[in-house]
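# Examination of the molecular architecture
Spelled out, the chains give:
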Amino acid sequence: METSSSSAASSTARRWLAAALLAHTGWGAYPVLARYLQTVSNLPSMSLLATSMTAAALFTALTTRPRVRYLLRQPLMAALVLVVMVRAVTNLLAARFAPAVYVQLVTLGTPWVVALLSRLFFREPAPRYTGRTALVGTVGAGLILSAQVTSRAATPTWDARTLLGLGLAGVSTLSLALYMLLVRRSRHHRWRGEEVFLVQSVGVLAVGWGASLALREDWSPWLRLRWQDGLVFAAFAGLILYGANRLQIAALQRVGARAVSSLLPWRMVAVLVIGFVLLGERLTAVRQGVGVALVMAALWWYLWKGGDASSPSRAAGRLS
């Protein structure tokens, strides 16, 4: 009987780890589609954030029955909204002040920030093999980004502006780690996935609408959209902001923040694959290929060992 129960738990863990990987793939597509909508469709950045999140929130509200009164009484809701808003603002501003590749490198520290916060405040044990996967994946992702780091275009001038950008990237990474841990905690409070997403959407769309109005963005490009632009926007709002978010929330609630964050390096591989398919972008250095191989090997090994991912390591605070 125990063998049957363990087999079922292993299968469930693998499914949710695969769902997390699919969510990270969606987030890998995020910069490609966002870049298209801002540079080809010429949509203002904040208006794009505001409208896409509003569409996702309305779809959630109309197709589900979130317990709004219940959510308003939850202290966790205020914390989650605050963290989401801080993440949205700092993630946007970090890329404005510092080269994007350096912001991505700082973001790669998310699994380690999650592990530290989890050990200090949440006492959540790590699934087995999480530490090894995060370490190999981080090294691989670093190799993928290394070609951009060594290019002259990405070389920063270490002035106050760049340091501000890196500081904002650090705050953004911290808020992302807190977000993952709070979503995991929401399961203990019996929050449903659609409720977590609705609360998150309200926080982000508030930032988007507020910033767009404050910056007095020109909304006229929305009146000149072609049907191709509409399809890309639908994919951006529906498949990524709604679909990838919902998958990520569900995975966080089931397998935990440390397991999901350890898969984050896959986003770098997804960016390369999607960029190659849609934009014809290619690898520029052998070490990038080595990085891709390391990330894929680590993550597929983790999925193969996913049967143990539902079982915490005996030493709760130890990296496995």
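This one's a predicted model, so the numbers in the text were calculated from it and none came from an experiment. By convention here, each chain's residues receive numbers from 1 onward along its written sequence. Totals for whole chains, interfaces and linings use every residue, but because this is a predicted model, local features are given only for residues with pLDDT of at least 70 and side-chain atom pairs only at 80 or more, for both listing and counting. For side-chain calculations, the full set of non-hydrogen atoms in the structure is used, while hydrogens and water are omitted.

## Describing the environment of S47
Stated precisely, the cut-off is as follows: Each helix is a run of H or I in the DSSP string that is no shorter than four residues. Each strand is a run of E no shorter than two, and both are numbered from the N terminus. Contacts are assigned to residue pairs with any non-hydrogen atoms lying within 4.5 Å of each other. For this analysis, a polar contact is any N or O atom pair within 3.5 Å, provided that within protein one partner can donate a hydrogen and the other can accept it, and provided that sequence-adjacent residues contribute only side-chain to side-chain pairs.
Note that S47 resides in helix α2 (residues 45-63). For the pair S47 and W209, spaced 162 residues apart in sequence, the C-alpha to C-alpha distance is 6.8 Å. Sequence-distant contacts of S47, defined by excluding residues within four places in its chain, comprise S212, E217, W219 and W222. Among the polar contacts made by the side chain of S47, one reaches the side chain of W222 at a distance of 3.0 Å.

## Points about the confidence of the model for the protein chain
In plain terms, the rule: What pLDDT reports is the predictor's confidence in each residue, on a scale of 0 through 100.
Across the protein chain, the average pLDDT comes to 79, with 82% of residues at 70 or higher. Counted against residues more than four places away or in other chains, residues 309-320, with its pLDDT under 50, gives 33 contacts.

## With respect to the pattern of salt bridges
Proximity of charged atoms lets side chains of opposite charge pair with each other. Worth spelling out the cut-off: Salt bridge, as used here: a side-chain nitrogen of Lys or Arg that lies within 4 Å of a carboxyl oxygen of Asp or Glu. Relative accessibility decides the category of a residue: with a 1.4 Å probe and only protein chains considered, values under 20% of the type maximum give buried, values over 50% give exposed, and everything between is partly exposed.
Evaluated as defined, the whole model comprises 5 salt bridges. A salt bridge links E194 to R192, with the nearest nitrogen and oxygen atoms 2.9 Å apart. The class of E194 is buried, set by a relative accessible area of 14%. Judged by relative accessible area, which is 32%, R192 ranks as partly exposed. Salt bridges sharing partners connect three or more residues here, namely R67, R192, E194, E195 and R246.

## Here we look at the packing of α2 against helix α10 (residues 227-255)
What describes two packed helices is the angle between their axes and the distance between those same axes. Keep this limit in mind: Axes here mean lines fitted to C-alpha atoms, for a helix over just the part in contact, with angles spanning 0 to 180 degrees between N-to-C directions. In this scheme, roughly parallel covers angles under 35 degrees and roughly antiparallel covers those over 145, while 65 to 115 is roughly perpendicular and the rest are oblique. Here a crossing is called left-handed whenever its near helix is offset anticlockwise from the far helix by less than a right angle, and right-handed whenever the offset is clockwise. Residue classes follow a fixed rule: Ala, Val, Leu, Ile, Met, Phe, Trp, Tyr, Cys and Pro count as nonpolar, while Asp, Glu, Lys and Arg count as charged, and any other residue, Gly among them, counts as polar.
It is the contact of α2 with α10, at a shortest axis distance of 10 Å, that shows an interaxial angle of 60°. Considering their axes alone, α2 and α10 lie oblique with respect to each other. In terms of crossing hand, the pair formed by α2 and α10 is right-handed. On α10, the residues that touch L48, T51, S52, M53, A56, F59 and T60 of α2 are F233, F236, A237, L241 and Y242. When its residues are assigned to classes, the contact of α2 with α10 shows 9 nonpolar, 3 polar and no charged.

## Re unusual backbone geometry
With a phi angle near 65°, R190 is a residue other than glycine that sits in the positive phi range. Assignment of secondary structure puts R190 in the loop between α8 (160-188) and α9 (193-215). Exposure remark for R190: the relative accessible area of 70% places this residue in the exposed category. The backbone phi angle of R216 is positive, close to 55°, even though this residue is not glycine.

## Regarding α8
The α-helix advances 3.6 residues per turn, and as a result positions three or four apart in sequence lie on the same side. The cut-off we apply is this: Helix span is expected to be 1.5 Å times the residue number reduced by one.
For α8, with 29 residues, the first-to-last C-alpha span of 43 Å sits near the 42 Å given by 1.5 Å per residue. Of the residues flanking the end of α8, it is R190, one or two places downstream, whose phi is positive at about 65°.

## As for a nonpolar patch on the surface
The line we're drawing: Patch members must show over 30% relative accessible area and no salt bridge, and they are joined within 9 Å when carrying like charges or within 5 Å when they are nonpolar side chains of Val, Leu, Ile, Met, Phe, Trp or Tyr. Per-residue and other accessible areas were derived by the Shrake-Rupley procedure at a 1.4 Å probe size, with only the shown protein chains allowed to occlude residues.
Together, L82, V86 and V171 line one region of the surface with nonpolar side chains, adding up to about 230 Å² of accessible area. Among the structural elements, V86 can be located in helix α4 (residues 75-97).

## A look at the packing of helix α6 (residues 110-122) against α8
Running from amino to carboxyl end, α6 crosses α8 at an angle of 55°, the nearest separation of the two axes being 9 Å. When the interaxial angle is binned, α6 and α8 end up oblique. Note that α6 runs across α8; the crossing there is right-handed. Across the interface between the two elements, T110, V113, V114, L117, S118 and F122 from α6 touch T173, L174, L176, A177, L178, M180, L181 and R185 from α8.

## Considerations on the nonpolar core
Side chains that are nonpolar tend, in soluble globular proteins, to be buried together. Let me state the cut-off plainly: Put simply, buried Ala, Val, Leu, Ile, Met, Phe, Trp, Tyr and Cys residues joined by side-chain atoms within 4.5 Å make one nonpolar core.
Core analysis: the largest hydrophobic core is formed by 72 residues, its most contacted members being L80, Y179, W191 and F236. No other element matches α10, which puts 12 residues into this core. Not counting residues up to four positions away in its chain, the partners in contact with W191 are R67, Y70, L71, Q74, L76, M77, L80, S186, V196, V199 and Q253. One finds A94, A98, V103 and L168 within the second-largest nonpolar core, a separate group that totals 5 residues.

## A closer look at the packing of aromatic side chains
The test is simple: Centres within 6.5 Å are what make two rings of Phe, Tyr or Trp a pair, Trp counting through its six-membered ring; a difference in plane orientation under 30 degrees is then read as stacked, over 60 as edge-to-face, and the rest as tilted. Here, over-ring charges are defined by two tests on the NZ atom of lysine or the CZ atom of arginine: distance to the ring centre within 6 Å, and angle to the ring normal within 35 degrees.
Counted under the stated rule, the structure contains 7 aromatic pairs. Measuring from ring centre to ring centre gives 5.2 Å for Y30 and F236, while their planes differ by 40°; the resulting arrangement is tilted. In this pair, Y30 sits in helix α1 (residues 2-39) while F236 sits in helix α10, placing the two residues 206 residues apart along the sequence. Judged by relative accessible area, F236 falls into the buried class, the value being 2%. Ring plane angle 90° and centroid distance 5.5 Å describe the contact between W222 and F233, whose orientation is recorded as edge-to-face. You can see W222 sitting in the loop between α9 and α10 and its partner F233 sitting in helix α10, a full 11 residues away along the chain. Per residue, the accessibility class of W222 equals that of F233, and both read buried. Against the face of Y70 rests R67, its NZ or CZ located 4.3 Å from the ring centre.

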